[in-house]
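Structure assessment
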Amino acid sequence: MSAQTSFPRLAARTRNFTLGAPRTVAVSRDGERVVFLRSAGPTDAVHALWVLDVASGTERVVADPRAFRDTDDEDLPPEEKAMRERRRESGGGIVSYATDEHTRIAVFTLGGKLFRIGLLPGDEPTPVELPVAGPVLDPRPSPRGDRVAYVTGGALHVLELDDETWTDRVLVAEEHVTWGVAEFAAAEEMNRFRGYWWSPDSERILAARVDESPVQTWYIADPAQPGREPTTIRYPRAGSSNALVSLHVIALSGARLDLSWDADEYPYLVTGGWDDSGCPLFTVMDRRQSKALVLGADPDTGELTTHLETTGTPWLEVLPGTPALLGDGRLVWSTDQGDARQLLVGGMAATPPGLYVRRYVGQDGADVLVEGTEGAPEQNHVYRVGPDGTARQVTEGAGWFSGVSGGSTRVEVRRTLDTVGVRYVVTPNRALESFAAAPPFTANPTLSRVTDRRLPAAVLYPRDHVAGTRLPVLMDPYGGPHHQEVMAAGTLWLEPQWWADQGFAVVIVDGRGTPGISPSFESAIRHDFAGPVLDDQADGLLALAKDHPDLDLDRVGIRGWSFGGYLAALAVLRRPDVFHAGIAGAPVTDWELYDTFYTERYLGLPDEQPEAYRRSSLIEDAGKLSRPLMIVHGLADDNVVAAHTLQLSSALLAAGRPHEVLPLTGITHMATDETVKENLLLLQLDFLRRSLA
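Heads up: these notes are all about the structure in this document. Small disclaimer: the values here were computed from a predicted structure and weren't measured.

What follows concerns the packing of aromatic side chains. For the structure on display, the rule yields 26 aromatic pairs. A ring pair is formed by Phe529 and Phe563, whose centres lie 5.4 Å apart and whose planes are at 80°; its orientation type is edge-to-face. In this pair, Phe529 sits in the loop between helix H6 (519–523) and helix H7 (531–547) while Phe563 sits in helix H8 (residues 563–574), placing the two residues 34 residues apart along the sequence. Residue classification places Phe529 among the buried positions, given a relative accessible area of 0%. Relative to Trp591, the ring of Tyr566 lies with its centre 5.3 Å away and its plane at 80°, an arrangement referred to as edge-to-face. Placement of the pair is Tyr566 in helix H8 and Trp591 in the loop between strand S42 (581–585) and helix H9 (596–603), with a sequence separation of 25 residues. We note that Tyr566, like Trp591, is buried. Taken together, Trp315, Tyr478, Phe529, Phe563, Tyr566, Trp591, Tyr594, Tyr598 and Tyr602 form an aromatic cluster joined through their ring pairs. If you follow Arg38 out to its NZ or CZ, it ends over the ring of Trp50, 4.1 Å from the centre.

Take the sheet that holds strand S30 (residues 367–373) next. In space, the four strands of this open sheet follow the order S29-S30-S31-S32, with antiparallel pairing throughout. With partners counted over all chains shown, the strands left at the sheet margins are strand S29 (356–364) and strand S32 (391–393), one partner each. Looking at each pair of strands side by side, their axes are set apart by 30° on average, direction ignored. The pairing of strand S31 (residues 381–385) with S32 spans three bridges and is antiparallel. If you follow Arg384 over to S32, its bridge partner there is Arg392.

Strand order in the open sheet formed by four strands is S25-S26-S27-S28, and the pairing between neighbours is antiparallel. Of all strands in the sheet, those with a lone pairing partner are strand S25 (324–325) and strand S28 (348–349), marking the two edges.

Right, let's talk about helix H5 (residues 494–501) for a bit. Summarising burial for H5: six of the eight residues are buried, a large majority. Among all positions in H5, only Leu494, Pro496, Gln497, Trp498, Trp499 and Ala500 are buried. Tucked into the core, H5 has its buried residues touching helix H1 (7–13), strand S38 (455–460), strand S39 (471–475), strand S40 (505–509), strand S41 (551–561) and helix H12 (674–691). Of the residues one or two after H5, Gly503 is the one with positive phi, at around 110°.

Here we come to the environment of Ser199. Mapping Ser199 onto the fold places it in the loop between strand S15 (196–198) and strand S16 (204–211). Spatially, the C-alpha atom of Ser199 lies 54 Å from that of Ala505, the residues being 306 residues apart in sequence. Within polar-contact distance, the side chain of Ser199 engages the backbone nitrogen of Glu203 at 3.3 Å.

As a further point, take the pattern of salt bridges. On inspection of all chains with the given rule, the structure shows 53 salt bridges. Residue Asp452 is joined to Arg453 by a salt bridge in which the shortest nitrogen-to-oxygen separation is 3.9 Å. With relative accessibility at 71%, the residue Asp452 sits in the exposed group. On the basis of relative accessible area, Arg453 is assigned to the partly exposed category, the value being 26%. For the salt bridge of Asp536 with Arg453, the shortest nitrogen-to-oxygen distance reads 2.7 Å.

Let us now look at the pairing of strand S27 (residues 340–345). Along any regular strand the residues' side chains alternate between the sheet's two faces. Within S27, six of the six residues are buried, which leaves it mostly tucked inside the rest of the structure. Along S27, one buried face is formed by Ala340, Gln342 and Leu344 and the opposite face, lined by Arg341, Leu343 and Val345, is buried too. Looking at chain direction, strand S26 (residues 331–337) and S27 are connected through six bridges and run antiparallel. Following the sheet pairing, Thr335 is matched in S27 by Gln342. Here S26 folds back onto S27 in antiparallel fashion, the turn holding two residues, of which Gly338 has a positive phi close to 60°. With two bridges connecting them, S27 and S28 associate as antiparallel partners. When the bridges of S28 are listed, Val345 appears paired with Met348.

For the bond running from Thr313 to Pro314, omega is 0°, close enough to zero to count as cis. Positionally, Pro314 belongs in the loop between strand S24 (304–311) and S25. Note that the residue after Thr322, namely Pro323, is joined by a cis bond; omega there is 0°. With respect to the helices and strands, Pro323 occurs in the loop between S24 and S25. Phi angles above zero are rare outside glycine, and His482 is one such case at about 60°. Tracing the backbone shows His482 in the loop between S39 and H5.

Here is what the cut-offs are and how they apply
- Residues numbered from 1 in each chain as written.
- Predicted model: local features only at pLDDT ≥ 70, side-chain atom pairs only at ≥ 80, totals over all residues.
- Heavy atoms only, no water.
- Phe/Tyr/Trp six-rings, centres within 6.5 Å; stacked < 30°, edge-to-face > 60°.
- Helix = DSSP H or I, 4+ residues; strand = E, 2+ residues; numbered from the N terminus.
- Buried < 20%, exposed > 50% of the residue type's maximum accessible area, 1.4 Å probe, protein only.
- Lys NZ or Arg CZ within 6 Å of the ring centre and 35° of its normal.
- Pairing = 2+ DSSP bridges.
- Axes fitted to C-alpha atoms, helices over the stretch in contact; angles between N-to-C directions.
- Contact = heavy atoms within 4.5 Å.
- Polar contact = N/O pair within 3.5 Å; in protein donor to acceptor, adjacent residues only side chain to side chain.
- Salt bridge = Lys/Arg side-chain N within 4 Å of Asp/Glu carboxyl O.

This is a description of form; function is not addressed.
This is the structure we're talking about:
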């Protein structure tokens, strides 16, 4: 890489310095193998499949796409493109894989084709392409490894090995519906990217049937290509009909067993899978997301068992890793009680109230392992919790830690404030090798807690800043649910530091609605995306200025993307006394145009809470604009569709309010093209310098 390469171009080219670093790590049950993905270098987006043999400490590549397939032009099927968009996946080559129960074989796709490879040292070194009926989505081997299921054309297929010959057959298919695929709301908002699950004995599959016919059809067109037909999507906008989702046990003979619950009352399938005894275990939730059932099923009769019937106010959180059923029959779940998020085992609190639990990791003897934080929302640690509820922090230092384990092998995932990137440390002291680029500078954020609400905040100055020099302020928040910006992880601060080096004091505040502090802190935005969120940005800035006198409060800009874009536009529309210029990237401007599961969770149903939608919308505020505003939007965005920006721009035009719109042709909700990403940052920089001069 040239020494003249700009930081924005370098960051885009290296995918924010992640290319060449390990990712997607799994450990075999016996602890003998660590499987992971990694590309060959700091600008190589083609990922290969690697294995670390723990005993010898050697890493070996088991599937390099370039060795057996042309990867210059990946011809991805539309379903794969859509799934990658939901996952915010920007890499190439092998971007995901699935293994059998003992992590002896893996399957993956390339360009819609299906490949299988052995992971043991003596296995055939070249992946085998398996015969399939069409472009492959989400392939998964059976636990025994002798079968592979996949989806194509909305049908669920199974490949079986018989006398060294693979035979493909349709397990279940139906016209106008899909089998084994997560619907839009599940993949975008529930963090459920799967639609089918193998039984532990490899003889059956639990599969979701999705009928999207009730869902509105939307059209995503590319104005730069007027001769190209628009893409059609089924988009469940707030207040409209969702997809009809049901769950079924499919035997390999094709026999189908329907699992029936009150789907009118509980339409959302939030989690799916099997317990260790070989029974389906899944979670369903009502539309308002305040009631849930954790259900088990007899795989032979379909008879349901209610493991848990629960309610939550104002909504329910399903903790990652739950539900789980322990060997003694106790259910693992979680509860939100005021300022505490605790793990429940058998209906009893298993973690202390002061530990904010983020994820259930698993059981280890009489103990349970969780991830969470104790009073430091910028950090995440692994904790071992004993039967008496005493929690012991396993990971050491200040940072963002997680882990994955198998047998006696544990891989600790380490992110710290003073290092860039992620280190995967294999017990006791070996780290997976990284080929990622080193950034050209180190970020220097100052983290603190401000206001009586103890808001997590950060300030970054130019690296050559001289104390006493007043600087224009750039606030760079996200500010919405399920996402933190203020984290003790060095890589996250590189772009904010670049902005600071352009002559700004960069300020980031995580206000009410963001996770990591308490359930009550998160639920403070109920029925109002605007008031508490915007108040915390303004109050946080004013509080920081008391300790940072170099912040020039007469020159404050704000920028953001997605919810952060909404927040940036909201700021200049409603608080021009504090915010003097805004850049709104891919903003939601009218929440009735966003999806059901996310929007209704926080604002309620539109016909029941019209005032919540009105107070949270930007459209009626268009006539108030008195500050410079740039709106940026990808025209191919199927998450926050470009209609949001176009409707706000139309309202601003009707009110006679000057503003700038930057349309990004062919760009979705995430911009990965390095030229676009570089120039997008430079154009924003020019706008802010002009606006805050």
